[in-house]
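Overview (structure and organization)
This is what each chain is made of:
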Amino acid sequence: MDKSVILDPIHGYIEFDKMKRSLFDTPQMQRLRRIKQLGFSNLVYPGANHTRFEHSMGAMHLASLFSKFQKENPSSVSAVTDDGALDEIVVAALLHDIGHGPFSHATEKLIEQYTRKSHDDVRQILSETEVGDVLQEYGFLPSRIAKHIAGKTPVSQILSSEIDVDKMDYLARDMHYTGVTSGSVDYMRLLNHMEYFENKLVLDAGGIRAAEGLLVSRTWMNGSVYYHHVSRIAETMSSRACAYLLENKIIRPQTFAQLDDIGLTSIMREDEGFAGEIAKRLDDRNLYKRALYEGLNTVGNSVFEYRSNIGRIEKEIAEAARVDPENVIIDIPSKPEMAEMKALVMDGGMKKLTDASLFVRDLEHVQVNNWRMGVFSPKEHLEAVSKAAADYFQIETKPKTKQFTLTDILKKETE
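So, here is what we can say about the structure in this document. (Residues numbered from 1 in each chain as written. Predicted model: local features only at pLDDT ≥ 70, side-chain atom pairs only at ≥ 80, totals over all residues. Heavy atoms only, no water.)

1. As for the overall build of the protein
Applicable threshold: To qualify as a helix, a DSSP run of H or I must reach at least 4 residues; to qualify as a strand, a run of E must reach at least 2; elements of each kind are numbered from the N terminus. Our radius of gyration is a C-alpha quantity, and the globule rule it is checked against amounts to 2.2 Å times the number of residues to the power 0.38. Relative accessibility under 20% of the residue-type maximum defines a buried residue, over 50% an exposed one, and the middle range a partly exposed one, all with a 1.4 Å probe and only protein chains included. Any two residues having at least one pair of non-hydrogen atoms within 4.5 Å are treated as being in contact. Positive charges come from Lys and Arg, negative ones from Asp and Glu, while His and the chain ends are left out of the count. By convention, the charge on Lys lies at NZ, on Arg at CZ, on Asp at CG and on Glu at CD.
The helix and strand inventory of the protein stands at 21 helices and 9 strands. At 23 Å, the protein has a C-alpha radius of gyration in line with the 22 Å of a compact globule built from 415 residues. Each principal axis of the C-alpha distribution contributes one length, and for the protein these read about 75 × 50 × 40 Å. Taken across its 415 residues, the protein has 52% of its residues classed as buried. Pairs at least 24 residues apart make up 71% of the contacts formed inside the protein by residues separated by at least 6 positions. Averaged over its 51 positive side-chain charges, the protein has a centre that lies 3 Å from the centre of its 61 negative ones.

2. Some words on the packing of helix α12 (residues 229-247) against helix α14 (residues 261-270)
Two quantities define a packed helix pair, namely the angle between the axes and the distance from one axis to the other. The condition is simple: Orientation is described by lines fitted to C-alpha atoms, with helices fitted over the stretch in contact, and by angles between N-to-C directions that extend from 0 to 180 degrees. Each angle is binned into one of four classes, with values under 35 degrees roughly parallel, values over 145 roughly antiparallel, values of 65 to 115 roughly perpendicular, and all other values oblique. Only Asp, Glu, Lys and Arg are considered charged in this grouping, and only Ala, Val, Leu, Ile, Met, Phe, Trp, Tyr, Cys and Pro are considered nonpolar; every other residue, Gly among them, is considered polar.
Contact pair α12 / α14: the axes reach a minimum separation of 11 Å and the direction vectors enclose 70 degrees. On the basis of the axis angle, α12 is roughly perpendicular to α14. In contact with Ala-241, Cys-242 and Leu-245 of α12, α14 contributes Leu-264, Ile-267 and Met-268. Its residues placed into classes, the contact of α12 with α14 shows 6 nonpolar, no polar and no charged.

3. Things to note about the sheet that holds strand β3 (residues 194-197)
The condition is simple: A pair of strands is treated as paired once DSSP finds two or more bridges between them.
In spatial order, the strands read β3-β4-β7-β8; together these 4 strands make up an open sheet with mixed pairing. Here the strands that pair on one side only, and so sit at the sheet edges, are β3 and β8 (350-352). Sheet twist, expressed as the average angle between the axes of neighbouring strands with direction ignored, equals 45 degrees. Both strand β7 (residues 344-346) and β8 contribute to a ladder of 3 bridges, which runs antiparallel. Residue pairing for β8: Val-345 is matched across the bridge by Lys-351. The sheet contacts of helix α3 (residues 52-71) involve β3 and β4 (200-204), and relative to β3 the element is tilted by about 60 degrees.

4. Brief notes about the sheet that holds strand β5 (residues 289-294)
Read across the open sheet, the 3 strands follow the order β5-β9-β6; overall the sheet is antiparallel. Because the sheet does not close on itself, it has two edges, and the strands there are β5 and β6 (329-331). Averaged over all adjacent pairs, the angle separating strand axes in this sheet is 20 degrees, with direction ignored. Judged from the 5 bridges that link them, β5 and strand β9 (residues 373-377) form a sheet pairing that is antiparallel. Among the inter-strand pairings, Tyr-293 is bridged to a residue of β9, identified as Gly-374. Sheet strands touched by α12: β5, β6 and β9. Its angle to β6, the strand with the most contacts, is close to 125 degrees.

5. Some details on helix α4 (residues 83-95)
Threshold: Helix span, as expected, comes to 1.5 Å for every residue beyond the first.
When the terminal C-alpha atoms of α4 are compared, their 19 Å separation across 13 residues agrees well with the 18 Å that a helix rising 1.5 Å per residue should span. Burial analysis of α4 places 10 of its 13 residues in the buried class, the great majority of the element. Those residues of α4 lying buried are Ala-85, Leu-86, Glu-88, Ile-89, Val-90, Val-91, Ala-92, Ala-93, Leu-94 and Leu-95. Contacts from the buried residues of α4 go to α1 (18-24), α2 (27-30), α3, α6 (123-128), α7 (130-137) and α8 (142-149).

6. Quick notes on α12
Counted at 1.5 Å a residue, the expected span for α12 with its 19 residues is 27 Å, and the 27 Å between its end C-alpha atoms agrees. In terms of residue burial, α12 counts as a mostly covered element, since 16 of its 19 residues are buried. Just beyond α12, the residue with positive phi is Lys-249, at close to 55 degrees.

7. Some remarks on the side chain of His-61
Mapped onto the elements of the fold, His-61 is located in helix α3. Residues in contact with His-61, not counting those within four places in the same chain, are His-11, Tyr-13 and Ile-14.

8. Regarding the pattern of salt bridges
Put simply, the rule is: For this document, the term salt bridge refers to a Lys or Arg side-chain nitrogen within 4 Å of an Asp or Glu carboxyl oxygen.
Throughout the structure, instances matching the rule amount to 20 salt bridges. With a closest N to O distance of 3.0 Å, Arg-123 and Asp-121 form a salt bridge. For Arg-173, the salt bridge identified is with Asp-169, shortest N-O distance 2.9 Å. Here Arg-173 and its partner Asp-169 are both found in helix α9 (residues 165-178), 4 residues apart, which amounts to about one turn of the helix. In terms of burial, Arg-173 and Asp-169 fall into one category: buried.

9. Observations concerning empty space enclosed by the protein
For clarity, the threshold we go by: Here a cavity denotes grid points, spaced 1 Å and computed from the protein atoms alone, that fit a 1.4 Å probe unable to get out, and a pocket denotes an open set having protein on both sides within 12 Å along at least 5 of 7 lines; residues with an atom within 4 Å of a point are the lining. Grid points are joined across faces, edges and corners, and a volume is the space filled by probe spheres set on the points.
Applying the stated criterion across every chain, the model contains 1 cavity of 30 Å³ or more. Looking at the largest cavity, its volume works out to about 40 Å³. Taken together, Gly-99, His-100, Gly-101, Ser-104, Glu-108, Ile-111, Glu-112, Lys-117 and His-119 form the lining of the largest cavity. For the lining of the largest cavity, the residue count by class is 1 nonpolar, 5 polar and 3 charged.

Here it is in structure tokens:
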């Protein structure tokens with residue numbers, strides 16, 4: 001028998017054949033065992049140590065289920081989803097993260113900046129490594145798989161679109177390992193109610209409630225995990241340390257992109273300058289603190305204009321605070337939006353999910369409220385940096401609220 005199974009805590013037993021086992025065993029896939037799915041979120045949620053490897057298996061499993069449902073429903077199979085394309089998308093789902101750098105999204109922007117390649121541009125990896133050899137041995141064209149991963153084919157929407165197997169797996173997996181259980185990801189219902197219509201992947205009316213559940217999960221995870229201030233601080237510190245390594249030519253961009261978490265951490269620890277200091281802080285969880293931490297209602301939409309000049313702004317704030325530039329780091333996330341809300345639904349005609357569900361429409365306000373920009377600094381410089389940052393961004397500082405202990409309260413009541 002050519003089939004084997006792996007026990008996964010999210011999906012139960014995942015079945016795979018000899019070809020997929022050969023892909024698992026390539027160095028490029030094994031590297032994903034050493035890249036955490038959630039970067040530094042384990043500094044907040046100790047259980048969040050799951051990896052890109054297991055997520056890739058999960059995405060492959062869900063793509064296999066989708067392929068099975070499509071093949072069992074001949075009326076839905078078209079030029080977009082012929083058997084060959086469906087088999088390819090399962091393989092693409094397994095390989096879709098092999099282009100990720102160390103600590104996942106913490107290094108993503110730097111890798112794009114220095115290599116001019118995004119994490120889903122995997123053409124070179126598929127054509128020049130053992131992965132490509134396995135694909136060709138089993139009759140798959142590496143160039144076709146690379147196009148699916150890059151989202152350049154109609155069938156690839158099940159892997160990369162508003163609601164896809166990638167999101168379904170990472171939301172369910174991230175909730176499991178962090179322990180955040182609000183919302184649900186009913187991927188079986190979603191997959192059963194998705195099909196291609198005029199080359200577009202759409203959800204029928206029977207899947208709307210499941211889509212709402214997925215969006216609740218995403219909204220909750222954004223606020224509780226993905227944008228938790230400790231995770232953002234640690235990721236921003238790591239990113240600045242990596243920028244230092246690249247700017248000072250301590251590491252080459254191509255080498256940097258191919259590292260895993262262990263390799264990058266070792267290089268940072270060995271550095272005798274800024275990167276080494278950050279590595280020590282991350283090891284000891286001695287993180288920078290929030291000098292300024294404000295939402296959109298305070299800073300306004302004009303804050304997004306600063307995103308292209310963060311380095312210059314950090315230096316100006318440091319100069320005003322009379323501290324070294326390394327003691328100021330700024331995090332301005334992109335505009336708050338969830339692509340899932342733009343998913344297409346067939347419900348008495350084609351419409352966006354926001355038009356098919358008033359509940360989803362209301363969630364748009366929640367994601368805006370979850371958004372925060374931060375200016376971070378070591379504890380010893382917090383007061384000076386806080387004042388300089390507030391002045392720079394023209395934010396009125398709030399008076400500090402006096403904190404009372406239980407003893408203080410009881411003493412006051414007896415007076």
